[in-house]
Amino acid sequence: METFLQDLRHASRSLRKSPGFALVAVLALALGIGGNTAVFSVVNGVLLRPPPFEAPEQLVDVSNDFAKAKRFGLSSSVVEYREYRDLTRAFSSVAAFTDDDMTLTGVDTPQHLRVLEATASFLPTLGVTPSLGRNFTEEEETPGRDRVVLLTHQTWRTYFSQDPGVLGRTLQLDGVPYTVVGVLPRGVVYPAGMDLYRPFAPSPDLAGEEKRETRFLDVMARMKPGVTLESARKDLARVSAELAESHPKYASSQRTIGVASLEDEVVGDVKGTLWLLLGAVGFVLLVACSSVANLLLARAASREREVSIRAALGAGRWRLMAQFLTESLVLSVVGGGLGLLLALWGTDALLALVGEGLPRAAEVRLDWRSLAFTMGVSLLSGVLFGLVPALQASRADLNAAMREGSRGTGGRRSGKLRSGLVVGQVALALVLLVGAGLFGKSLVALLSQDAGFDPEGVLTAQLSLPETTHGTAERQVAFQRQLLEKLQALPGVESVGLTNLLPLGRSMTSGFAIEGRTKGPDEIWPAVQFRTVSPDYLRALRVRLREGRMLESTDGPGAAWAVVINQRFAELYWPQGNALGQRLRLNWPDAQWATVVGIVDDAREWALDKPMVPIAYYSLEQLGGTNLALAVRVKSGSPDSLRVAVEGALRSVDADVPLFGVAPLSRLVDDSIGTRRLSALLMGLFAGTALLLAALGLAGVIGYSVAQRTREMGIRMALGAARGDVLALVLRQGMGLAGLGVAVGLGLSLALAHLLRALLYGVTAYDPWTFVGVAALLSGVALLATWLPARRATRVDPIIALRAE
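To continue, consider the overall build of the protein. On a plain count of helices and strands, the protein comes out with 26 helices and 22 strands. Residues classed as buried in the protein amount to 52% of the 805 residues present. Carbon together with sulfur atoms contributes 58% to the accessible area of the protein, which is approximately 34800 Å² in total.

Put into structure tokens, the structure is as follows:
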């Protein structure tokens, strides 16, 4: 320990004597370590930290699979949920759930709450027990007996100050009294964003065979101990086969039952992106370590006389190595500390950039795992970039070093090592630049995609109507008309619309029938996405009418049902162009036959990066609904300027209806591609950092080489060499290293490009223009980095150079 402390004091004094070197090394390491820690914190929160459920690896998502029909939306019906529950052998428990919006009244200001309607088996399937009170019972899965709720810990803390006496308290939800029977443990919120849980109590008519295609439930299950995903799939295949034998309609649908890890379903497409970003920022750390190693090699070469004197005084090789490793560890620890500060800011910045598109975002934080990761990366980096310089310095030739004096001989001995490190830096920088280029082109392609609607200048908001005051169709229609009239009269408003779902959010799908047409034995119709809208909603979004007419105020209660479909729907089922006047009916409660009165352009209601799907727009007044969303288009200026006026208009209509989720539609579009934007931005940031470090490394190696060859340059020019010849000599050396790095980097990029295929949109992983453009960019930067020290070499005065030697 005494020896280590002595080495530590010596390292600190040595680094204080070279503040410029120490500052550059610490900053390079801080960038690498801080970036790794920030990205690891996100990966840890989203992917690595186990959810607060018992044996989460046994939890699976169960859904319909219509692979042949390429169906969008794989929810299940009540009938299908009960089949999963009763017929499977692989599961110890099965649960179903769906979400809803409710309004908490009886408080100073009505509050919107997200509510999960779940079966009594929901919490046992998750393996969760309420921290206070009890779970639902099966008897409470009955309409009229379902007036009980469980609070999340956050709701308990926010609205009830963690009062243990909340049990038995009555809450007014949508004007209906509900009794609090339990509180969930801290951190248990599934799905994300829920405030309350209440029993799922389906009406009896949803249990009939005729409602098999009324799909709105999510289903999860817990596999029995020892059961694997593969064996669960086989068991569900058996259930599908049995149902096909007993239900001809089931057989004709060619439906199968899919099962997937619940964790994979929660994480979704983000998993591959996060692992890729962690690998990319790891490359940045390698480049940073290479840069610091190069600095240490140059520093070790200049200290060979010092090392030789210490060796002559009896210091052994291991003693010298320990001294140099101590210096590198001091640098890495200081760099790690600064990197941790950068990570604190960087983690928040990452979450802000990704918006609401990151699953489990609430669980992302710098915890003990992140701190342990930072410490481990810091120590590993110190060993990684310090070992080679320590070995090189400990092999000092005593006689040669003493004979050469302070100039040293390390430049010749370590030149190949430093050149090799520069080649590696350039190669890794090129790999990151290729990734950044592909992600950037992918984002540009996505942003240039025609969404089918104009998000600029539109303010959106959501509201939930209490069932007690707006439970009938007449009351809902009266509220909608009064609110639309108030909003349309506001100064600066161009048009106003109401809908059940805004674009790029949740989807609502249903099976459907076309009048006079039956499915063939092998024919499958994809489920249609449907929206309920007020007459001016599509005009507010500037969705273009192609044929027929839009929905009008005459398409209200008592009138024959009307529907507007998108072009994709018309092309799929009426390719001859005779869709207008046809009639279709959703497999949805109380749905009637509706006449197609108009065809509009395809709007990407589901996602910008997904294929166009059939969409049907029904009259909100005819299909009804209490969960609504507003779209208010302004004539000019920012839509945010209408926020206060919209809230006031709603209060003047009904002060008990809360307005929530107020945001410009353009922000919703941005949030929908938050993960892709984050990928492109971070890859660009990582690539830019690596490019800068590689350029500095190349400039440093060439500059050190020029300094070591000052005498040679002087002799060359004294013998008649032109300054252009010296410039070309140095440029050949630098560009040779850069060219080798580019070649290696292109090979690595081609080998790794296949990992990006699933993460790109509108561009191939082997896009030639990206590879050529990146190689040209890196070569240009390398030329500039080499030209600067080469230019200094041409200014060497031969007489001064020879006299200095």
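From this point on, the discussion continues.
So, about the nonpolar core. Within the largest apolar cluster, 114 residues are counted, with the highest numbers of intra-cluster contacts made by Leu-331 and Phe-453. With 15 residues, the single largest contributor to this core is helix 14 (residues 410-447). Discounting chain neighbours no more than four positions away, the residues touching Phe-453 are Pro-503, Leu-504, Leu-541, Arg-542, Val-543, Ala-603, Arg-604, Leu-665 and Val-669. Counting 24 residues, the second largest nonpolar core, distinct from the first, contains Leu-483, Leu-490, Leu-628 and Val-632.

Together, Leu-23, Leu-27, Leu-31, Leu-338, Leu-341, Leu-342 and Leu-344 give the surface a local cluster of nonpolar side chains, amounting to about 610 Å² of exposed area. Among the secondary structure elements, Leu-342 is positioned in helix 11 (residues 317-354).

This brings us to the environment of Gln-592. With respect to the secondary-structure elements, Gln-592 resides in the loop between strand 18 (583-586) and strand 19 (594-600). Given a relative accessible area of 43%, Gln-592 falls into the partly exposed group. The sequence separation of Gln-592 and Ala-560 amounts to 32 residues, and the corresponding C-alpha distance is 8.8 Å. What Gln-592 contacts, discounting residues up to four positions off in sequence, is Trp-561, Leu-584 and Arg-585.

Moving on to the pattern of salt bridges. Taken as a whole, this structure holds 26 salt bridges when the rule is applied. Of the charged contacts, one joins Glu-117 and Arg-198 as a salt bridge, the two residues approaching to 2.7 Å between their closest N and O atoms. Here Glu-117, found in strand 3 (residues 111-118), pairs with Arg-198, found in strand 8 (residues 196-199); they are 81 residues apart in sequence, far enough to count as distant. The pair formed by Glu-117 and Arg-198 is uniform in burial state, with each residue classed as buried.

Here we come to the packing of aromatic side chains. One pass over the structure, following the stated rule, counts 13 aromatic pairs. Consider the rings of Phe-122 and Tyr-190, whose centres lie 6.5 Å apart with planes at 10 degrees: the pair is stacked. Remark: Tyr-190 occurs in the loop between strand 7 (176-183) and strand 8 and Phe-122 occurs in helix 4 (residues 122-126); sequence separation between them is 68 residues. Tyr-190 shares its class with Phe-122; the two are buried. Between Phe-512 and Phe-569, the ring centres sit 5.3 Å apart and the planes meet at 70 degrees, which makes this aromatic pair edge-to-face. Here Phe-512 is found in strand 14 (residues 512-514), whereas its partner Phe-569 is found in helix 18 (residues 567-573), with 57 residues between them in sequence. On the basis of relative accessible area, Phe-512 is assigned to the buried category, the value being 4%. In this structure an aromatic cluster arises from ring pairing among Phe-53, Phe-97, Phe-122, Tyr-190 and Tyr-197.

We now examine the side chain of Asp-601. In this fold, Asp-601 is placed in the loop between strand 19 and strand 20 (615-619). Classification of Asp-601 by relative accessible area gives buried; the value is 15%. Residues within four places of Asp-601 in sequence aside, it is in contact with Val-543, Arg-544, Arg-546, Asn-566 and Gln-567.

Glancing now at the packing of helix 16 (residues 473-488) against helix 20 (residues 643-653). The geometry of helix 16 relative to helix 20 is characterised by a closest axis approach of 9 Å and an angle of 140 degrees between their N-to-C directions. Here helix 16 lies oblique to helix 20, going by the angle between them. Regarding helix 16 and helix 20, the two cross each other, and that crossing is right-handed. Note on element contacts: helix 20 touches helix 16 through Val-646, Ala-649, Leu-650, Ser-652 and Val-653, opposite Phe-479, Gln-482, Leu-483, Lys-486 and Leu-487. In the contact of helix 16 with helix 20, the residues fall into seven nonpolar, two polar and one charged.

Looking at the secondary structure, you find Arg-676 in helix 22 (residues 674-708). Here Leu-759 takes part through its backbone oxygen, which lies 3.0 Å from a polar atom of the side chain of Arg-676. Those residues in contact with Arg-676 that sit more than four places away from it in its chain are Ser-442, Leu-443, Leu-446, Asp-609, Leu-759, Leu-760 and Tyr-761.

In this section: a positive patch on the surface. Where like charges cluster on the molecular surface, the positive patch consists of Arg-9, Arg-13, Arg-16 and Lys-17. As for its position among the elements, Arg-9 is in helix 1 (residues 2-17). In this structure Arg-9 comes out as partly exposed when scored by relative accessible area, which is 48%.

Our next topic: unusual backbone geometry. With omega at -10 degrees, the peptide bond leading from Tyr-190 into Pro-191 counts as cis. With respect to the element layout, Pro-191 can be found in the loop between strand 7 and strand 8. Phi angles above zero are rare outside glycine, and Ser-161 is one such case at about 50 degrees. Of note, Ser-161 is situated in the loop between helix 5 (153-160) and strand 6 (170-173). In the Ramachandran plot, Asp-174 falls in the positive-phi region, its phi being about 55 degrees despite a non-glycine side chain. Topologically, Asp-174 is positioned in the loop between strand 6 and strand 7.

In this model, the protein carries a mean pLDDT of 83, and residues with pLDDT of at least 70 account for 85%. Mean pLDDT across the secondary structure elements of the protein bottoms out at helix 13 (residues 398-404), with 51, and peaks at strand 19, with 96. Of the regions scoring below 50 in pLDDT, residues 67-73 engages in 15 contacts with residues more than four places distant in sequence or in other chains. pLDDT under 50 marks residues 405-411. Its contacts with residues more than four places away, or in other chains, come to 17 contacts.

To continue, consider the environment of Lys-610. In this fold, Lys-610 is placed in the loop between strand 19 and strand 20. Lys-610 gets classed as partly exposed once you look at its relative accessible area, which sits at 29%. The spacing of Lys-610 and Tyr-761 is 151 residues in sequence and 9.6 Å in space, taken between C-alpha atoms. Beyond its immediate sequence surroundings of up to four residues, Lys-610 is in contact with Asp-269 and Arg-604.

To continue, consider the pairing of strand 19. A large share of strand 19 lies buried, amounting to six of its seven residues. Of the pairings in the sheet, the one linking strand 16 (residues 545-548) to strand 19 comprises three bridges and is antiparallel in character. What sits directly across from Glu-547, in strand 19, is Ile-599. As judged from the five bridges shared by strand 17 (residues 562-566) and strand 19, these two strands associate in the parallel manner.

Three- or four-residue spacings in an α-helix give side chains the same orientation, since the helix completes a turn every 3.6 residues. With 16 residues, helix 16 extends 22 Å between its outermost C-alpha atoms, agreeing within 8% with the 22 Å of an ideal straight helix rising 1.5 Å per residue. Regarding helix 16, the residues found buried are Gln-476, Val-477, Phe-479, Gln-480, Leu-483, Leu-484 and Leu-487. Take helix 16 and look down its axis: the buried residues cluster within an arc of 165 degrees, on one side only. Among the exposed residues of helix 16, those oriented more than 90 degrees off its buried face are Glu-474 and Glu-485. Looking at the packing, one finds that the buried side of helix 16 touches strand 11 (458-464), helix 15 (467-470), strand 12 (493-499), helix 19 (620-623), strand 21 (627-634) and helix 20.

Calculation notes
Residues numbered from 1 in each chain as written. Predicted model: local features only at pLDDT ≥ 70, side-chain atom pairs only at ≥ 80, totals over all residues. Heavy atoms only, no water. Helix = DSSP H or I, 4+ residues; strand = E, 2+ residues; numbered from the N terminus. Buried < 20%, exposed > 50% of the residue type's maximum accessible area, 1.4 Å probe, protein only. Areas by Shrake-Rupley, 256 points an atom, 1.4 Å probe, with all protein chains shown as cover. Core = buried A, V, L, I, M, F, W, Y, C linked by side-chain atoms within 4.5 Å. Contact = heavy atoms within 4.5 Å. Patch = residues over 30% accessible without salt bridge, like charges linked within 9 Å, V, L, I, M, F, W, Y side chains within 5 Å. Salt bridge = Lys/Arg side-chain N within 4 Å of Asp/Glu carboxyl O. Phe/Tyr/Trp six-rings, centres within 6.5 Å; stacked < 30°, edge-to-face > 60°. Axes fitted to C-alpha atoms, helices over the stretch in contact; angles between N-to-C directions. Parallel < 35°, antiparallel > 145°, perpendicular 65-115°, else oblique. Left-handed = near helix turned anticlockwise from the far one by under 90°. Nonpolar A, V, L, I, M, F, W, Y, C, P; charged D, E, K, R; others polar. Polar contact = N/O pair within 3.5 Å; in protein donor to acceptor, adjacent residues only side chain to side chain. Lys, Arg positive; Asp, Glu negative; His and termini not counted. Charge placed at Lys NZ, Arg CZ, Asp CG, Glu CD. pLDDT = per-residue confidence, 0-100. Pairing = 2+ DSSP bridges. Expected span 1.5 Å × (residues − 1). Arc of directions from axis to C-beta.

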